[in-house]
Amino acid sequence: MVVHIRREQDIATARQVVKNFAQENGFSLSDVTKATTAVSELARNIYRYAGTGSVCLRRTTRDRGTPGLEIVAVDRGPGIPDVARVLSGGFSTYERSLGIGLAGVRRLMDEFEIRSEPGAGTLVRAAKYRRGF
Amino acid sequence: MVPTVRVAGCLLVPIQIDLDDATVERLQQQLLHEIEAERAQAVILDVSMVDVIDSYISYTISETASMARLMGCRTVLCGIRPHVALTLAQMGVRLRHVAFARDLEHALTLARGRLTGGTPGIAPPEPRIRS
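The rules behind these values
Residues numbered from 1 in each chain as written. Chains lettered and ligands numbered in written order. Predicted model: local features only at pLDDT ≥ 70, side-chain atom pairs only at ≥ 80, totals over all residues. Heavy atoms only, no water. Contact = heavy atoms within 4.5 Å. Salt bridge = Lys/Arg side-chain N within 4 Å of Asp/Glu carboxyl O. Polar contact = N/O pair within 3.5 Å; in protein donor to acceptor, adjacent residues only side chain to side chain. Helix = DSSP H or I, 4+ residues; strand = E, 2+ residues; numbered from the N terminus. Nonpolar A, V, L, I, M, F, W, Y, C, P; charged D, E, K, R; others polar. Pairing = 2+ DSSP bridges. Axes fitted to C-alpha atoms, helices over the stretch in contact; angles between N-to-C directions.

> Let's hear about the interface of chain A and chain B: which residues, and what values?
Accessible area lost during the coming together of the parts is what is often quoted as the interface size. Each partner contributes residues to the interface: chain A has 24 residues there, and chain B has 27 residues. Our enumeration of links across chain A and chain B arrives at 6 salt bridges. Across the pair Arg15 of chain A and Asp18 of chain B runs a salt bridge whose closest N-O atoms are separated by 3.2 Å. Inspection of the chain A/chain B interface yields 11 residue pairs in polar contact (both at pLDDT 80 or more). Elements with a minimum of two residues in the side of chain A that touches chain B: helix H1 (9–24), helix H2 (29–50) and helix H4 (101–108) of chain A. The biggest single contributor to the side of chain A that touches chain B is H2 of chain A, with 10 residues. Residues that form the side of chain A that touches chain B fall into these classes: 6 nonpolar, 8 polar and 10 charged.

In structure tokens:
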């Protein structure tokens, strides 16, 4: 499933889509909220910094078939010159922000990876797995 | 417009809609106007219906509370749901300039405490008088 981010309202759409997706796949309320919040951050980053991009959602599995949810956020925006600095939290080039977006996403999700190239764009892949209990 | 209710000198704001960025920004403007018009001593944001509070919403709430404080009005955030609290804590979000309440009754207690300009709901130490 793909949500294209072009306008501010698309952030809310992305949120709603991941919320439904996680609920339908039997995630707990806490994990639904974490995944939804993470997508909210990723979609906003795309809108704020790149203007346009997309958030892709798909089912995934880990180990002995533990079902999970994979989120891939891609844009062809300006990229992040210093990823480590952004991930340390409390850093933002956008004035109206806490600067903890990406660091927060990493804390909320079970898996997190980021590839960013200045001038070419950014790709964030994150996954959350359903708890076994 | 988010409908607000005037209760005991406070502005009660039950948030029953999805807080997208534009809504949060409009709400900030609306509250600042209403604080002035109503001469409210506190704004109580009831977020017990809110499912997602992300870093931007948190930032805007903190910023609004900071502005309200400059206008002599405190801000109480009321009824954060457990999964929202978990998410905010895990992300490391710090909501500043606000007091937190479990429910409306608790919120009113905090809102109507002595307005000191310091941490809402906590009175400053009594001045010591030496004789």
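Next, the rest of the story.
> Can you explain the sheet that holds strand E5 (residues 121–129) of chain A? Please cite residues and give values.
Backbone hydrogen bonds hold the strands of a sheet together, and the pairing may be parallel or antiparallel. Residue and element names in this part refer to chain A. Within the open sheet, the 5 strands sit side by side as E1-E2-E3-E5-E4. Their pairing is antiparallel. In the strand order of this sheet, the two ends are held by strand E1 (2–5) and strand E4 (111–117), each with one partner. The average undirected angle you get between the axes of adjacent strands in this sheet is 15 degrees. The strands touched by H4 are E4 and E5; relative to E4, the strand with the most contacts, the crossing angle is about 150 degrees.

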